[in-house]
Amino acid sequence: MKIWLDGGLRDAETARVSVFDHGLTVGDGVFETIKADHGRAFALTRHLERLTTSARGLGLPAPDLDEVRRGCEAVLDANPMALGRLRITYTGGVSPLGSDRGEAGPTLVVALSGTRRRPDTTAAVTVPWTRNERGALAGLKTTSYGENVVALARARERGASEALFGNTVGALCEGTGSNVFVVLDGELHTPPLSSGCLAGITRALTVAWAGAKETDLPLDALESAEEIFLTSTLRDVQAVTRVDDRQLADGPGPVTAEAMRVFDERSAADFDPR
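Let me begin by describing the structure that accompanies this report.

Digging into the nonpolar core
- Within the largest apolar cluster, 22 residues are counted, with the highest numbers of intra-cluster contacts made by V68, C72, L86, I88, Y90 and V110.
- For this core, the secondary-structure elements that each account for two or more residues are β3 (29-37), α2 (44-58), α3 (65-78), β5 (83-91) and β6 (107-114).
- Grouped together as the second largest cluster of nonpolar side chains are 17 residues, A43, I201, W209 and A212 included.

Structure follows, in structure tokens:
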């Protein structure tokens, strides 16, 4: 396996990032996960735009997107596979043991691993912890993922693949690595970005392509929703058939099935939608 590290391809077994890298010591970094289908990165332009937005929000210098693209192309060429998870990680670089950044400059890593197409359905759970919609990292895709690790472990313990958060005012927000959509009275809704959720790439495309409304919703909307689905880079559109102890239909409902169909059709027709 070959990865891209700071300007060139390296063997994964020998590539090394310093133990003093700020991404490791304090989680000072941002990242993107991109679906790679037979060597092509889906929606790469949108992902790179969000990488830049997250970096600026964290106070990092804007990444050199030409280098990032070179890294992505090199890694995809060097590691052919049918379906992959392409990961771009961009950190504050070598820094003192503390919150202050050093002067060595950022670290850039591009790596790839194989994956499988997700099932059409899954289960989710709600968790007692909240997203802070007013926090400094709200809406940024940072490597500070400790909350998500804890919440996802809770979901796994309860036989689910995702944990869903409310925010500090009790509104529905997002999953650990996904956005959530609900059908209420036959209409499709998803929380607005003001809820503190990530501006998901798949979320934005689904809003545009499936005609979803961005709506402030209470967390307990999950208890009355006729249909629920998740969106993310590797899930695309995935129906939720159980939330906590509430069982929904055994398969995707009609609105979800249509969203799945439209997403598959539109994404296949345009691999870099703007």
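Alright, that's what it looks like, and here's the rest.
Quick notes on helix α7 (residues 254-269)
- Look at α7: 23 Å from first C-alpha to last across 16 residues, which is about the 22 Å you get at 1.5 Å a residue.
- By the burial criterion, the buried members of α7 are T256, A259, M260, V262, F263 and S267.
- Summarising the contacts, the buried residues of α7 are in contact with α5 (201-210), β13 (227-232) and β14 (236-243).

Some points on the packing of α2 against α5
- At a minimum axis separation of 10 Å, α2 and α5 run at an interaxial angle of 125°. Our classification of the angle between α2 and α5 gives oblique. Crossing hand, α2 versus α5: right-handed. Of α5, the residues touching α2 (which contributes R46, H47 and R50) are I201, A204 and L205.
- For the contact of α2 with α5, the class distribution of residues is three nonpolar, one polar and two charged.

Brief notes about the environment of A210
- With respect to the secondary-structure elements, A210 resides in helix α5.
- Ignoring any residue separated from it by four or fewer positions in sequence, one finds A210 in contact with L188, L205 and A259.

Structural notes on unusual backbone geometry
- Here the phi dihedral of D185 falls at roughly 50°; this positive angle occurs in a residue that is not glycine.
- Here D185 is to be found in the loop between β10 (179-184) and β11 (187-190).
- The backbone phi angle of D236 is positive, close to 55°, even though this residue is not glycine.
- The topology assignment puts D236 in strand β14.

Notes on the side chain of T256
- With respect to the helices, strands and loops of the structure, T256 is situated in helix α7.
- Excluding its chain neighbours within four sequence positions, the residues that come into contact with T256 are E227, I228, F229, V237 and A239.

Some points on a nonpolar patch on the surface
- Residues V19, F20, L24, V94 and L97 make up a contiguous nonpolar surface patch of roughly 520 Å² in combined accessible area.
- Relative to the helices and strands, L24 is located in helix α1 (residues 22-25).

As for the sheet that holds strand β2 (residues 8-11)
- Read across the sheet, six strands follow the order β2-β1-β6-β5-β3-β4 without closing on themselves; strand pairing throughout is antiparallel. Of all the strands in the sheet, just β2 and β4 (40-41) have a single pairing partner and so form its edges.
- In the sheet, strand β1 (residues 2-5) pairs with β2 via four bridges, with the strands oriented antiparallel. Looking at the pairing, I3 lines up with R10 of β2.

Each value, and the rule that gives it
- Residues numbered from 1 in each chain as written.
- Predicted model: local features only at pLDDT ≥ 70, side-chain atom pairs only at ≥ 80, totals over all residues.
- Heavy atoms only, no water.
- Core = buried A, V, L, I, M, F, W, Y, C linked by side-chain atoms within 4.5 Å.
- Buried < 20%, exposed > 50% of the residue type's maximum accessible area, 1.4 Å probe, protein only.
- Helix = DSSP H or I, 4+ residues; strand = E, 2+ residues; numbered from the N terminus.
- Expected span 1.5 Å × (residues − 1).
- Contact = heavy atoms within 4.5 Å.
- Axes fitted to C-alpha atoms, helices over the stretch in contact; angles between N-to-C directions.
- Parallel < 35°, antiparallel > 145°, perpendicular 65-115°, else oblique.
- Left-handed = near helix turned anticlockwise from the far one by under 90°.
- Nonpolar A, V, L, I, M, F, W, Y, C, P; charged D, E, K, R; others polar.
- Patch = residues over 30% accessible without salt bridge, like charges linked within 9 Å, V, L, I, M, F, W, Y side chains within 5 Å.
- Areas by Shrake-Rupley, 256 points an atom, 1.4 Å probe, with all protein chains shown as cover.
- Salt bridge = Lys/Arg side-chain N within 4 Å of Asp/Glu carboxyl O.
- Pairing = 2+ DSSP bridges.

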